[in-house]
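One-letter residues, chain by chain:
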Amino acid sequence: MQPRCRVHAFVILLTCLIAPAQADTLALPNNLAEESCDAVSRDDITPEPGVPAELKLRCDERVVGSVLFSRFFARDKNPAALQAALMQQYRGSRAEKRLAQRMTCKAGKPVEEGSALVALPCTLLNGGWPHLVVIGGEAGSMVVAEGPPALWPVLHQVVTGSPIAATKPQQIDTLKKIWGGPVVLASADDIARFKDLLREGRSANSLRKFRESEMLIREALAIQTRLLGEHDVSIADTLMDLALNVSNQGRSDEAAALFRRAEPIIQRSPNEADRARLAGYLGLEAANRGDFAVARQYARSAVERWRKINQQGGVNAILNEGSEADAQERGELAMALNFEARMSLRADDVVSASAAATEALMIVNQNSDLPKWWKSDVLMTLGEVSIAQRRLSAAETYFNSALTERRQIFGEGFATMGVFTALGRAYQIEGMNTSAIISYREAFKIARSLPSTQDLFTIEELMPFAAAVTAWAQNVQDDNERQGLYTEAFDAFMMLRSPLIEKTISQAASRLMASDPDIAERVTKWRAAERAGDVASIELAQEQALPDEQRSAKVESQLEQKIRDARSLATSLKKELEERHPAYLEMASPKPLDLMEMRKRLGDREGLVSFMIGRDGAYVQLIKRKGIYIARVPETRDTLQDTVAALRRALDVQGGAVNEFDLARAHQLYRSLFDGIAPHMAGLEHLIVVPSGPLASLPFGLLVTAQPEGKDYSRAQWLTQRIALSHTPSLQSFFSLRAARAVSVAPKPLLAFGDPALEGARGEQRSASLAKANQTCRQVGPMNVETLLALAPLPETAQEIKKVAALMKADNAGIFLGREATESSLRRQALDQYRVIYFATHGLLPGELQCQAEPGLVLTPLPFQASQHEHDGLLDASEIAALKLNADLVVLSACNTAGGGKFGGESLSGLAEAFFHAGSRSMVVSHWQVPSAATAKLMTGMFEFLGPQLSTGSAPALRDAQIKAIAEPATAHPFFWAAFVVLGDGLFAASP
């Protein structure tokens with residue numbers, strides 16, 4: 001049994017703790033949360049000469065505080081004089097500097113009559129938790145002990161050397177006097193759990209693992225809110241972290257709601273730094289949504305506020321401590337200036353950007369206590385400024401300096417990738433395409449060494465690489481060399497996927513994990529191992545960035561070993577998951593695609609087209625069985641958005657009639673998208689399109705392939721007449737569908753749901769109906785029943801389904817209409833027994849309902865508010881992905897599944913990915929609501945071509961039905977036939 005020492009005096013305490021190794025743990029009183037506490041000495045930090053080593057204070061084996069020692073000699077033993085001498089000694093001491101990096105403190109207060117003991121009420125910078133610093137001294141040493149308020153009896157004993165005599169209620173009264181009111185007595189477990197969650201969440205966010213970060217930060221916020229309350233100033237930082245994380249995922253409406261929740265809390269804060277940070281965070285959110293002018297205004301506001309804080313003596317001075325502004329506030333000013341510089345670049349104000357970034361660099365150079373990577377961030381901005389000034393040599397110098405800094409801190413990892421992409425962009429702008437390609441090769445090499453290539457690059461980071469490849473390929477005569485260049489570019493296209501699709505798949509994976517305890521246990525351990533490695537990497541970088549006198553070789557060695565162990569464990573756990581649950585891993589962490597394998601999945605007369613659409617340009621990629629080709633598209637994200645919006649306006653009913661469709665504009669868009677690869681499309685009979693960005697809201701079949709003559713729609717040369725078309729959400733999705741053929745044919749022909757029992761207005765009043773039940777932000781949980789009931793009924797869909805059932809020779813047992821068209825009815829079916837699953841109902845999109853993060857299909861809701869997702873009447877995409885299907889075809893004959901809403905057709909892509917993961921191999925979906933007669937005619941025509949056994953591929957069948965509709969003047973307008981598109985493997989036809 002390990003020996004323990006009982007403390008009666010400070011000298012005895014030290015004797016016990018510097019005793020032989022077997023006695024280096026000191027038992028201490030329980031804290032006020034009734035947790036068992038002790039102290040252990042630290043041998044990883046060199047103490048001041050002549051004083052004992054620092055101690056770690058633990059409760060329930062969690063480190064919650066520390067004890068620091070320094071020399072102290074007081075001439076006057078009078079308690080008041082001794083207190084003054086202690087505080088004078090403390091100010092500016094090594095202990096104060098150490099603690100100031102973690103907390104802010106108010107003026108100290110005597111806590112015991114006739115004693116020199118001083119207590120400082122503090123607030124941790126990380127989480128805003130109340131924290132207590134206790135200072136005392138005798139026998140030539142000053143003792144500084146710190147920990148949460150619940151640690152008060154422990155802190156008292158380690159500082160005075162004597163157990164506290166007061167009862168627990170008396171101790172709580174003492175804490176109230178120190179704080180001037182009640183104080184939270186959080187347990188060590190709660191605080192440690194919060195710190196771990198927030199640290200891991202911020203680490204994940206910095207590595208662009210946004211969905212994982214969101215989960216962790218939400219859990220941290222729940223702990224904080226439970227203990228501190230919903231309106232405590234301390235939760236504001238966590239709310240802002242969560243808001244920015246959500247914004248990073250493209251969910252601006254949710255981010256705005258979180259900022260609205262945080263703002264009144266921050267306005268009540270006595271700390272001006274909270275308002276300065278809010279301005280900076282709001283600026284980052286505005287930049288995420290592309291509103292750079294507003295972002296620049298917020299950046300300037302943040303700079304002004306941080307300047308004021310620095311001029312007034314910093315946060316500690318505002319809190320009446322009286323010390324000067326420390327390095328943290330100066331560093332925050334530097335980072336605000338750095339952000340202002342980047343937003344000034346967006347406004348083409350290079351002079352202002354240069355001034356702000358230069359000042360930021362001066363600040364970080366003058367403050368060695370700041371995190372080293374802050375300097376690399378500023379160097380990166382100065383590199384971007386130099387690019388704007390067309391000073392390549394200066395840009396290279398700044399970027400290479402940033403690369404040196406980041407390599408020294410982080411090694412070859414995520415942080416260094418951004419430097420290589422920035423260097424690549426600099427070279428590409430100057431026409432040095434070879435150097436640009438080499439830089440990007442380095443970035444991709446690092447990316448392939450990381451656990452996942454998802455979310456590592458943004459479109460804007462990859463656009464210069466596509467530009468360099470296409471420019472260089474034009475000068476290459478050898479076709480093999482050109483194909484090699486295009487093959488490299490395939491990696492860039494492969495790494496891009498819609499954030500909404502990623503969100504949908506992540507939620508689907510979470511549902512699957514929740515339904516299988518074995519998956520849940522293994523995934524939890526795998527993710528924890530990955531996070532442990534990520535956090536240890538950042539902690540190692542922080543340790544290595546300390547001044548030499550504060551660095552610990554032992555700590556660095558321990559962290560390096562922790563990183564190796566965590567990564568080894570993560571690899572092992574992922575391998576176990578791959579062996580036991582391959583479907584989950586394929587969904588949650590798909591492997592990078594191999595181009596040669598992708599080409600093998602294509603037929604001789606098939607082509608696969610995808611797009612990279614950026615702020616300043618766009619590129620198209622065509623993959624065929626015998627080669628790959630990339631070309632520039634003379635459009636930008638904004639011009640494509642405008643063109644698609646203009647074409648879509650002609651597809652909306654206004655005043656009971658459709659608008660004139662712009663054939664010339666549809667032809668110009670066709671030329672913009674396909675002229676660069678037109679020679680390589682000759683002879684193709686089936687084209688699979690990955691319609692990213694604005695293009696996701698447009699059915700490609702309505703593009704016009706030749707200059708129109710007149711306005712006769714039946715004589716226009718539509719793309720759907722030239723070639724069978726399929727759409728697919730992503731390259732990964734198409735590859736997976738082609739790689740996994742059906743092993744059996746479902747025995748039943750049709751399962752259909754339509755005409756849900758709803759009560760809202762119809763037609764053009766649909767928006768007003770939605771607004772009625774859309775006054776508040778949708779929270780996590782079942783959908784509000786009033787929201788669904790406010791939607792318009794769709795009685796005509798009943799006849800549509802009955803006609804399709806007749807063609808499929810299906811009986812009524814699989815048809816659910818009206819009040820029978822519920823989620824419960826769906827879940828009672830053996831879904832894998834149906835070849836065709838048909839939904840004729842509303843689709844709801846993110847952005848159409850406040851804070852709705854994923855798309856879904858509306859079924860008949862319960863007459864009362866549901867308590868579970870599974871019966872609330874909205875079949876979310878993540879719920880769909882957890883279903884078990886074996887369907888050759890799923891039809892979504894829904895209202896507006898792809899056209900409206902903030903994310904447009906990307907919502908449709910999220911639904912499609914969900915159905916593909918569930919087991920569908922092909923889908924037919926509608927981009928807008930088509931009149932019932934035209935819909936029934938088109939669907940009837942398609943199923944006539946398909947036949948009861950689906951013997952014809954869905955893409956050719958839909959094409960033939962559309963050609964038939966175009967030939968009739970009454971339905972030749974694309975409004976009547978172009979809404980429906982095939983998603984997935986459009987040539988797939990299962991054998992009976």
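Everything that follows concerns the structure shown earlier in this document.
Rules and cut-offs
Residues numbered from 1 in each chain as written. Predicted model: local features only at pLDDT ≥ 70, side-chain atom pairs only at ≥ 80, totals over all residues. Heavy atoms only, no water. Buried < 20%, exposed > 50% of the residue type's maximum accessible area, 1.4 Å probe, protein only. Axes fitted to C-alpha atoms, helices over the stretch in contact; angles between N-to-C directions. Helix = DSSP H or I, 4+ residues; strand = E, 2+ residues; numbered from the N terminus. Parallel < 35°, antiparallel > 145°, perpendicular 65-115°, else oblique. Left-handed = near helix turned anticlockwise from the far one by under 90°. Contact = heavy atoms within 4.5 Å. Nonpolar A, V, L, I, M, F, W, Y, C, P; charged D, E, K, R; others polar. Salt bridge = Lys/Arg side-chain N within 4 Å of Asp/Glu carboxyl O. Pairing = 2+ DSSP bridges. Expected span 1.5 Å × (residues − 1). Arc of directions from axis to C-beta.

A short note on unusual backbone geometry
Most peptide bonds adopt trans geometry, and most residues besides glycine take a negative phi value.
So, step 1. Backbone geometry places Asp348, a non-glycine residue, at a positive phi of 60°.
So, step 2. Residue Asp755 is not a glycine yet carries a positive backbone phi of 50°.
So, step 3. Asp755 sits in the buried class, given a relative accessible area of 19%.

Some points on the packing of helix H10 (residues 272-288) against helix H11 (residues 292-311)
So, step 1. As a packed pair, H10 and H11 sit with axes 8 Å apart at the nearest point and diverge in direction by 160°. Judged by the inter-axis angle, H10 sits roughly antiparallel to H11. By crossing handedness, the relation of H10 to H11 is classed as left-handed. Contacts between H10 and H11 involve Glu272, Ala273, Arg275, Ala276, Arg277, Ala279, Gly280, Leu282, Gly283, Ala286 and Ala287 on the former and, on the latter, Phe292, Val294, Ala295, Tyr298, Ser301, Ala302, Arg305, Trp306 and Ile309.
So, step 2. A breakdown of the residues in the contact of H10 with H11 according to their chemical character gives 13 nonpolar, 3 polar and 4 charged.

Looking at the pattern of salt bridges
So, step 1. Following the criterion strictly, the structure yields 50 salt bridges and no others.
So, step 2. Arg305 is the salt-bridge partner of Glu272, the closest N and O atoms lying 2.6 Å from each other. Residue Glu272 is located in helix H10, and its partner Arg305 is located in helix H11; the two are separated by 33 residues in the primary sequence.
So, step 3. For Glu272, a relative accessible area of 15% corresponds to the buried category.
So, step 4. A single salt-bridge network, built from bridges that share partners, covers Glu214, Arg218, Arg251 and Glu254.

A closer look at the sheet that holds strand E20 (residues 843-844)
So, step 1. With antiparallel pairing, 3 strands are arranged side by side in an open sheet as E20-E21-E22. The sheet is open, and its two edges are formed by E20 and strand E22 (874-876), each paired on a single side.
So, step 2. Looking at chain direction, E20 and strand E21 (residues 856-858) are connected through 2 bridges and run antiparallel. Its bridge partner lying in E21, Gly843 is registered against Leu857.

Comments concerning H11
So, step 1. Compared with an ideal rise of 1.5 Å per residue, which puts 20 residues at 28 Å, H11 spans 28 Å between its outermost C-alpha atoms and is within 8% of the ideal.
So, step 2. If you check which residues of H11 are buried, you get Ala295, Arg296, Ala299, Ala302, Val303, Trp306, Ile309 and Asn310. The buried residues of H11 occupy one face: seen down the axis, they fall within an arc of 140°. With respect to the buried face of H11, the exposed residues turned more than 90 degrees away are Ala293, Gln297, Glu304 and Gln311.

Topic: helix H7 (residues 210-228)
So, step 1. A rise of 1.5 Å per residue sets the reference length of H7, with its 19 residues, at 27 Å; its end C-alpha atoms lie 26 Å apart and thus fit the reference within 8%.
So, step 2. All of the buried residues in H7 are Phe210, Glu212, Ser213, Glu214, Leu216, Ile217, Ala220, Leu221, Ile223, Gln224, Thr225 and Leu228.
So, step 3. At the exit of H7 stands Gly229, carrying a positive phi of roughly 100°.

Re the pairing of strand E25 (residues 980-984)
So, step 1. Counted residue by residue, E25 has 5 buried out of 5 residues, so it is predominantly covered.
So, step 2. The sheet contact formed by strand E24 (residues 922-926) and E25 spans 5 bridges and is antiparallel. Pairing of Val925 across the sheet is with Val981, part of E25.

A word on the packing of helix H17 (residues 414-429) against helix H19 (residues 459-473)
So, step 1. Here H17 crosses H19 at 45°, and the two axes come no closer than 9 Å. Classified by the angle their axes make, H17 and H19 are oblique. The hand of the H17/H19 crossing is left-handed. Where H17 abuts H19, its residues Thr421, Arg425 and Gln428 lie against Glu461, Pro464, Ala467 and Ala468.

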